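Each chain, letter by letter, is given below.
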Amino acid sequence: MSDGKTMTISVLRPELATQIAAGEVVERPVSVVKELVENSIDAGASQIIVQISGGGIEQIQVTDDGMGIPSDEVALAFKHHATSKLTTQEQLDAIATLGFRGEALPSIVAVAGVTITSRPQGEQAGHQIEFQWGEKIREGPQGAPPGTSITVSELFANLPARRKFLKSNSAEAGRIHELVSRYALAYPDISFVYSSEGRTSISTPGNDRPAEALLAVYGREAAAAMLEVHSDYSETGYKIDGFISPPSLTRANRTYMSFFINRRWIQNRMLSFALEEAYHGLLQERRYPIAVINLTIPYPDVDVNYHPAKREVRFHQERTVYSTMQRAVRAALMLDSPVPTMSSGNSFSTSAQARPPAGSGPGFFHSPFNRSSTRAVPRSPARETNVAGVPGPADAAATYQQALPALRVVGQIKSTYIVADGPDGMYVVDQHAAHERVLFDRICRHAAAKSPQSQPLLGPVAVELTPSQEDNLRSNAEYLTSYGFDVESFGGTSYLLRAVPTIMTGQDPARSLVDVLDLVAVDGLVRQHEDVLAASIACHAAIRAGKSLTEAEMVGLLGQLEATDSPLTCPHGRPTLMHFSDYQMERGFGRR
Ligand code: ADP
Ligand code: MG
């Protein structure tokens, strides 16, 4: 030391040593939730309820209906290295449970107040113990349903230095929400319920249907868009299951890429690389997919006893893991929905085959993979290009200027598509997508000009909102107003709706608002909120598939579509029309 004195070495007081060790396991509130949820999963729970307040700093409660802990072992569970999951050295080489060190409960109890109530299945009563900073302050029998409930309060109140490093309550709560979402998706056989400040924002059915867990976590539209990954590699014994987003559904960061190894959530750069590599050429720069993927591998192939919080693992066959992940994801992407064009071969196939490279060959419609988001297309009213030209070959890198070719309406099919004759072939327009684009542009134009087109209702309409709809209402209040909604709070979860956007006139106003709020929740994952809102309104107000249109209506619609800035895609980025080139038809009919 600089003052020249020697240091005195001494062994740390046990409480201090425990607090230091606890820091490795419990970094922030979400670490507590992770350990408790993992314990509930290990206990065979079919339902896990996570309730927090104050971002989890104030309180976290995790309740399960698992096997419970015998009353004479509850206190033991809080001792260091006390575990029911591991007894022999051999087991350490093939760990099948999420926990194995017996360090979580002692760590948590060292840095918070903890109350545990547990009743083993088949027992008549439960047992409760209350701890304060590691000291047992009360113990006794307690009536309780079978299972375990652990309440952790005032995290780090005894360690102000640590507490200072925590973020705001809402940021900490956000991490917990993400964590529970991940586990809910990886364990569709368990019902997860998550609430913060009494508001429930996740509730999965636990019926072992992955698609339903996905729906509960991400909502209707995103869930419908996600692609299933499922590959089995018998030669290695590796298996991959999960969901990935199509290239059109992306996020601005990697937060929504979740990986599980044998259903243990881990963080691993190599797996992220493998996933991103599989999307190579399909995503814009700095856009990332949404993914929840579980890799099943033989237990001895992975060392899970590597990181204090068990967040990282080591693979014995890194290369195999990498290529398995990449192959499985690529395969799922290739099976994605058909490309919006006829194949360039001589068949009319739109089957799930490898998609053509961007801009391949003449006559290809813009593939969805170079469409980028609607944001990439300038919204300027200046449209200097060939209004009558054929959509040129897409240039993956460029911000392309879209223009609609001059079209002559031939008729309508399935009350859904408008068939038109145009330069170099036939065009089929999706009437809903086309109208969505028209309305979207109109809404954005009026909002930009600060002249919302609003239709006052004859009398105010009362609307009841769910907590997540209320969240969306609050975070989008300004945009809702600029697009023509007039909503005010009416106490509790009730709201009064006084006006709707003019384009929604004639529809059930309450339904319109609720639908828009729900749609925002889903699309909000993907793009700018203002766009999302306008797109939701447009989607809701646009003519539906299944509506017959007169010729005048069809001609009118195509005229309006032509006047938009991006006539070739709907505001969600899907195509408004498909092109069947002369060449393709000639090939198809064997004329060439
Ligand atoms: P580990 O999970 O590594 O065994 P923990 O400190 O997390 O260590 O838990 C210690 C022990 O307490 C577990 O091995 C288990 O026997 C018991 N336990 C903890 N949580 C639960 C629970 N929710 N249900 C049943 N038993 C539990
Ligand atoms: Mg544990």
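Treat the numbers as computed from the prediction; the structure is a model and nothing was measured. Chains are numbered independently. Their residues run from 1 in the order of the written sequence. Lettering for chains starts from A, numbering for ligands starts from 1, and both go in the order in which the items are written. Local features in a predicted model are, by the rule used here, given only for residues with pLDDT of at least 70; side-chain atom pairs are given and counted only at 80 or more, and totals for whole chains, interfaces and linings are based on all residues. Working from all heavy atoms in the structure, the side-chain values ignore hydrogens and water.

Undergrad: An account of the overall build of the protein chain is needed here, citing residue identities and associated values.
TA: If you tally the helices and strands in the protein chain, you get 17 helices and 24 strands. Across the 592 residues in the protein chain, those meeting the buried criterion constitute 49%. Residue contacts are counted whenever heavy atoms from the two residues lie within 4.5 Å of one another. Residue pairs at least 24 apart in sequence account for 68% of intrachain contacts in the protein chain once pairs closer than 6 positions are excluded. Per element, the accessible surface of the protein chain, about 27600 Å² overall, is 52% carbon and sulfur. A helix here means a DSSP run of H or I that spans at least four residues, while a strand means a run of E at least two residues long, and both kinds are numbered starting from the N terminus. When accessible area is computed with a 1.4 Å probe and restricted to protein chains, residues below 20% of their type maximum are described as buried, those above 50% as exposed, and intermediate ones as partly exposed. Only the protein chains shown count as cover for residues, with accessible areas throughout obtained via the Shrake-Rupley method and a probe of 1.4 Å.

Undergrad: Requested: an account of the sheet that holds strand β24 (residues 577–580), with residues and values cited.
TA: Pairing is antiparallel across the open sheet formed by 4 strands, whose spatial order is β18-β19-β20-β24. Two strands bound the open sheet, and with one partner strand each, they are β18 (408–413) and β24. Across the sheet, the mean angle separating the axes of adjacent strands is 25 degrees when strand polarity is ignored. Strand pairing follows a simple DSSP-based rule, namely that at least 2 bridges must link the two strands. Direction of pairing for strand β19 (residues 417–422) relative to strand β20 (residues 425–430): antiparallel, over a ladder of 6 bridges. Bridge pairing in β20 links Val-419 to Val-428. All axes here are fitted lines through C-alpha atoms, helices being fitted over the stretch that makes contact, and every angle between N-to-C directions spans 0 to 180 degrees. Sitting on the sheet, helix α11 (residues 431–448) is in contact with β18, β19 and β20, with an inclination near 70 degrees to β20. Strands in contact with helix α16 (residues 551–562) are β18, β19 and β20; relative to β18, the strand with the most contacts, it is inclined by about 120 degrees.

Undergrad: Now, about the confidence of the model for the protein chain: what can you tell me, with residues and values included?
TA: Confidence of the prediction at every residue is given by pLDDT, a number between 0 and 100. Averaged over every residue, the pLDDT of the protein chain is 81; the share at 70 or more is 86%. Here residues 389–401 is a poorly scored stretch, pLDDT under 50, and it has 28 contacts once near neighbours within four places are set aside; other chains count. Here residues 523–527 scores under 50 on pLDDT; set against residues more than four positions off or in separate chains, the count is 20 contacts.

Undergrad: Which residues make up the environment of Gly-126, and what values go with them?
TA: Secondary-structure assignment places Gly-126 in strand β4 (residues 126–132). In this structure Gly-126 comes out as buried when scored by relative accessible area, which is 6%. Sequence separation between Gly-126 and Ile-69 is 57 residues; the distance between their C-alpha atoms is 9.0 Å.

Undergrad: Go over the site of ligand 1, please, and point to the residues and values.
TA: Among the 20 residues in the neighbourhood of ligand 1, the closest are listed as Asn-39, Thr-83, Ser-84, Lys-85 and Gly-102. Two N or O atoms form a polar contact when they lie within 3.5 Å of each other; inside protein one atom must be a possible hydrogen donor and the other a possible acceptor, and for residues adjacent in sequence the pair counts only when both atoms belong to side chains. The contact in question runs from an oxygen atom of ligand 1 to an N or O atom on the side chain of Asn-39, over 2.8 Å. Here an oxygen atom of ligand 1 sits 3.3 Å away from a polar atom, N or O, in the main chain of Ala-104. Protein coverage of the free-state accessible area of ligand 1, which is 530 Å², stands at 93%. Among the secondary structure elements, those contributing two or more residues to the shell around ligand 1 are α2 (29–42) and α4 (104–110). By convention in these notes, a residue is near a molecule or strand provided one of its non-hydrogen atoms lies within 4 Å of it.

Undergrad: I'd like a rundown of a nonpolar patch on the surface, residues and numbers included.
TA: The grouping of Leu-12, Leu-16 and Ile-20 at the surface amounts to a nonpolar patch, some 250 Å² of accessible area in total. One can find Ile-20 in helix α1 (residues 14–25). The residues that make up patches have over 30% relative accessible area and no salt bridge, and they are joined within 9 Å when like-charged or within 5 Å when they are Val, Leu, Ile, Met, Phe, Trp or Tyr. Any Lys or Arg side-chain nitrogen found within 4 Å of a carboxyl oxygen on Asp or Glu counts as a salt bridge.

Undergrad: Could you give me a rundown of the packing of aromatic side chains, with the residues and numbers involved?
TA: Remark: the centre distance and the inter-plane angle together describe each pair of aromatic rings, the angle taken between the planes. Classification of ring pairs uses Phe, Tyr and Trp, with its six-membered ring standing for Trp, and accepts pairs whose centres are within 6.5 Å; under 30 degrees between planes counts as stacked, over 60 as edge-to-face, and the remaining range as tilted. A complete count under the given rule lists 4 aromatic pairs for this structure. A ring pair is formed by Phe-78 and Phe-131, whose centres lie 4.5 Å apart and whose planes are at 35 degrees; its orientation type is tilted. Taken as a pair, Phe-78 in the loop between β2 (59–64) and α3 (89–92) and Phe-131 in strand β4 lie far apart in primary sequence, 53 residues in all. For Phe-78, a relative accessible area of 9% corresponds to the buried category. On the basis of an interplanar angle of 15 degrees and a centroid distance of 6.3 Å, the ring pair of Tyr-183 and Tyr-187 is categorised as stacked. Tyr-183 sits in the buried class, given a relative accessible area of 0%. Across the ring face of Phe-273, the terminal group of Arg-269 is positioned such that the distance to the ring centre comes to 4.2 Å. Charge over a ring is defined by NZ of Lys or CZ of Arg lying within 6 Å of the ring centre and within 35 degrees of the ring normal.

Undergrad: For the packing of α11 against α16, give the residues involved together with the corresponding values.
TA: Between α11 and α16, whose axes approach to 9 Å, the crossing angle comes to 50 degrees. Viewed along their axes, α11 and α16 adopt a mutual orientation that is oblique. Judged by the sense of rotation from one axis to the other, the crossing of α11 with α16 is left-handed. Here Gln-431, Ala-434, His-435, Arg-437, Val-438 and Arg-442 of α11 lie close against α16, whose contacting residues are Leu-557, Gln-560 and Leu-561. The cut-offs work like this: below 35 degrees is roughly parallel, past 145 is roughly antiparallel, 65 to 115 is roughly perpendicular, and the gaps in between are oblique. In this scheme the handedness of a crossing depends on how the near helix is turned from the far one: anticlockwise by less than a right angle means left-handed, clockwise means right-handed.

Undergrad: Run through the pattern of salt bridges, naming residues and quoting values.
TA: Applying the stated criterion to the full structure yields 16 salt bridges. Its salt-bridge partner being Arg-138, residue Glu-130 comes within 3.2 Å of it at the nearest N-O pair. A salt bridge links Arg-511 to Asp-515; the shortest N-O distance between them is 2.9 Å. One end of the pair, Arg-511, and the other, Asp-515, are both in helix α14 (residues 509–523), 4 residues apart, so they sit about a helical turn from each other. A relative accessible area of 44% places Arg-511 in the partly exposed class. Judged by relative accessible area, Asp-515 falls into the buried class, the value being 17%.

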